Amino acid sequence: MEPNSSENASSNIISNGIKNNKMIHENHLYRTSYHFQPQQNWMNDPNGPMYYKGVYHLFYQYNPDGATFGKKMVWGHSVSYDLINWIHLNHPSLQPSHHYDIHGCFSGSTTIIPSNNQPFIFYTGFDETKHQVQNLAMPKNPQDPFLREWIKHPQNPIITAPIGLVEQENFRDPTTAWKGSDGKWRVIVGARNGDIGKAILYHSDDFVNWKLSPNNHEFYVIDGIGMCECPDFFPVLIDGTKHGVDLDYSSVQDSNDVIRHVLKISYQNKQQEYYLVGKYVCDEDKFVAENKITGTSLDLKLDHGEFYASKSFFDYAKKRRVLWGWVKELDTEQDDILKGWAGLQAIPRQVWLHENGKWLMQWPIEKLETLRDSDNQVSIFAHKLVFGSTLQVSGITASQADVEVVFELPELESAEWLDSKEVDPQIVCSDKEYASRSGIIGPFGLLALASKDLTEQTAIFFTIFRTPNGFSCLMCTDLTRSSLRQDVHKTTYATIFAIDSNLKAISLRTLIDGSIIESFGEKGRVCITNRVYPLLATEKDAHLYVFNNGKQNVCISKLNAWSMKRAKFVQQ
Ligand code: DQQ
C-alpha cells in the first residue's frame, strides 16, 4: 500500500502533470468509454427517461453554450435501442422560448397516457420573473419513434406555485404522473419553504388543468432539508424477484400486501439521494413511510457517493424499473472549461425491493455485460489473501473494466468492536489512510485506477465490525490518494449496514471507466459512485489490485474482471 516515491518525486510528477494538463484535456483522458455523456458541454440531471415505440429516450439538463451550468438550460435528448449504445439527437427537445421558461427549461418527467399512448413532458420553466412554474409539452409527431420535435402546450404555465405554501423560486421538478383509482391524474412537484422541503401533490381530470390535492396536498414534508429536488415516486413489489411494476394504481390497489411505494427526494443541502419506503393509500393521497430521514447513517440513500437528481422509469420492454442518476465532476470549473465537457450519467440501474421489503437493491442493467470483452478477461478462484497482501489483477485494461469479486469471510466473532450505535461511517473512514491500517476482518477490497507504484490508487473496501446490535459492514471508497493533483476534490465516501451473523461471503462489483468508479456492495444493497482524475493511472498505465489489510485472512472465492468495449455513441 505504501508508495515508493518520495514527496519530491511526487511534486515533479505533479508539475509535469500540470504542464501536461492541456494534453490531458486535449486527449480527453477523463472521458468515458461506456458511460453516457454528450459529445461536449455541460450535462446534469437525467430528465424524463421513457420507453416509447421500441425506443428508449433519455432527456437531460444540458447547456449547449459551454461546459458550466448555463443561464438557459435546455433538455438535451438521446435515444437508444438498448440503454447502452446511444444516438445523440442534434436538437434539444426543449429550449427556453416563452415567458414561462425564458430563463431555463429545468428538470421534469415524462408520462405516457395509457388510453392513447400519448407521451407528455412535464417540466419546470424558469420564467421571466425568475419564478418556477410547471409546463407541458407534447411530441409534434407521435408516430416518430425518436420524438425529435416537441410542442409546448398553449395553456402553459399549467401550474404556478401555491402562494404562502412554497417559495415561488423554489418550486420545481414534476414527477411522472399517475392515475388513481378515482380516475384522477396525480403529480408531485418538489418545493421548499425556508428549510422545509415539500413534495406537493396535485390532481387533474384532463392532464392539463391541475389543482392542489383536496385530500392531502402536502404529500410529504421534511424539515431541515432545504429544497426537495427531483422527487420520484414509484411502486415496488415485495416478491423477492427483480420484477418491476408501473404507476397504474387501478391494478395495484388491491394488492397492497405485496406492493410498497418509494418516495425518493434529492436532498439539496446534502446533495444526496434519500428515499423512503412505505404504503401509499391512493384514495386518501397519503404516503406512510416505514423509515425516516434522520440525518444519521440509518437513512436509506440510493448511493453514498456522487450521484444526484436521479429519475426512474418503468421499462415496459423488460418489465423492470430502471434508474438514472447524474454524476458530477469533482475537478475544477477551469478544468471543465478546458475539457469542454462536464457531467456523466451513471450506468442505468435496475432497481427492485429487497425481499425483506425494507430497502432497494440496484444493479447495472444486464445489457452492460455485452460490452465485456471475453478476449480480455481474468478469473481468480480460491485465492487466500493473508494479512497485508496485495494481488495484481493483470490481463485487462484496468482503466476500462468491469470487476466482480466475492470475498469469503472468516468467522465474524473475531471482528473489531465498534462502540457506538450510531456512527458516521464517513468519519470512521476518513481516519488517515484508513484502507492501509491494520484491522481484523478488513479493510479488504480493490485498489482501482492505481499506478504501478501505488502512488495513485482509489481503494474500495469493506471492514466488518461487531456492534451493540450484532455485526455491521463498513463500505468505503477512499479518494484521498486517487490523484497526485491537489486541485481536485478527494475525500472518502462511506456507508455502514447491518449484516447477518451467519454471513459467509460478501460481494463487490466495480465499474471503472476513465474518470468514474461505480461500486455495488453486497449484491447491490449499497452503492458508492465517484469521480477520479489520476495523472499516472490512466489508460494502459492504470492497474487493478485486490488487497487485505485485516489480520484475519479473507479468501477471494471468485473474481472475474473484464476489459470493457466502448459503447457506441453517434450524433444525428
Ligand atoms: N437541477 C435542475 C433543477 C433541479 C436541479 C436544474 C437538481 O430543476 O432541481 O438544472 O440538480
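Residues numbered from 1 in each chain as written. Predicted model: local features only at pLDDT ≥ 70, side-chain atom pairs only at ≥ 80, totals over all residues. Heavy atoms only, no water.

According to the UniProt record, the Sequence similarities (unreviewed entry) comment for the protein chain is "Belongs to the glycosyl hydrolase 32 family." (UniProt positions renumbered as here; feature names shortened; annotations may be inferred.)

Peer 1: I tried to follow the sheet that holds strand 5 (residues 105-113) on my own but got confused; where do I start?
Peer 2: Through backbone hydrogen bonds, the strands of a sheet pair up, either in parallel or in antiparallel fashion. Taken together, the four strands give an open sheet; going across it, the order is 5-6-7-8, and neighbouring strands pair in antiparallel fashion. Looking at the sheet topology across the chains shown, the edges are occupied by strand 5 and strand 8 (150-152). Along the sheet, successive strands turn relative to each other by an average axial angle of 30°, direction set aside. As paired strands, strand 6 (residues 118-126) and strand 7 (residues 132-139) are joined by six bridges and run antiparallel to one another. Bridge assignment links Phe122 to a residue of strand 7, and that residue is Leu136. (Pairing = 2+ DSSP bridges. Helix = DSSP H or I, 4+ residues; strand = E, 2+ residues; numbered from the N terminus. Axes fitted to C-alpha atoms, helices over the stretch in contact; angles between N-to-C directions.)

Peer 1: Where do I start with the sheet that holds strand 38 (residues 569-571) in this structure?
Peer 2: Read across the open sheet, the six strands follow the order 21-1-2-3-4-38; overall the sheet is mixed. The two strands at the open ends of the sheet, each matched to only one other strand, are strand 21 (341-342) and strand 38.

Peer 1: What is the right way to read the environment of Lys540 from this model?
Peer 2: Within the fold, Lys540 resides in the loop between strand 35 (526-531) and strand 36 (543-548). For Lys540, a relative accessible area of 69% puts it in the exposed group. (Buried < 20%, exposed > 50% of the residue type's maximum accessible area, 1.4 Å probe, protein only.)

Peer 1: What should I look at first to understand the pattern of salt bridges in this one?
Peer 2: Any two side chains of opposite charge can pair, so long as their charged atoms come close to each other. All told, the structure shown has 31 salt bridges when counted by the stated rule. Of the charged contacts, one joins Asp336 and Lys339 as a salt bridge, the two residues approaching to 3.0 Å between their closest N and O atoms. Of the two residues, Asp336 and Lys339 both sit in helix 4 (residues 333-339), three residues apart, roughly one turn of that helix. Since its relative accessible area comes to 6%, Asp336 is described here as buried. You can call Lys339 buried: its relative accessible area is 5%. Taken together, the shared-partner salt bridges connect Glu329, Asp331, Asp336, Lys339 and Arg531 into one network. (Salt bridge = Lys/Arg side-chain N within 4 Å of Asp/Glu carboxyl O.)

Peer 1: What am I meant to see in the pairing of strand 23 (residues 349-353) here?
Peer 2: Residues in a regular strand point their side chains to alternate faces of the sheet. Among the five residues in strand 23, five count as buried, and that is most of the element. On strand 23, burial covers both faces: Arg349, Val351 and Leu353 on one face and Gln350 and Trp352 on the other are all buried. Alignment of strand 20 (residues 320-327) against strand 23, held across three bridges, turns out to be antiparallel. Each residue of the ladder has a partner; that of Arg321, found in strand 23, is Val351.

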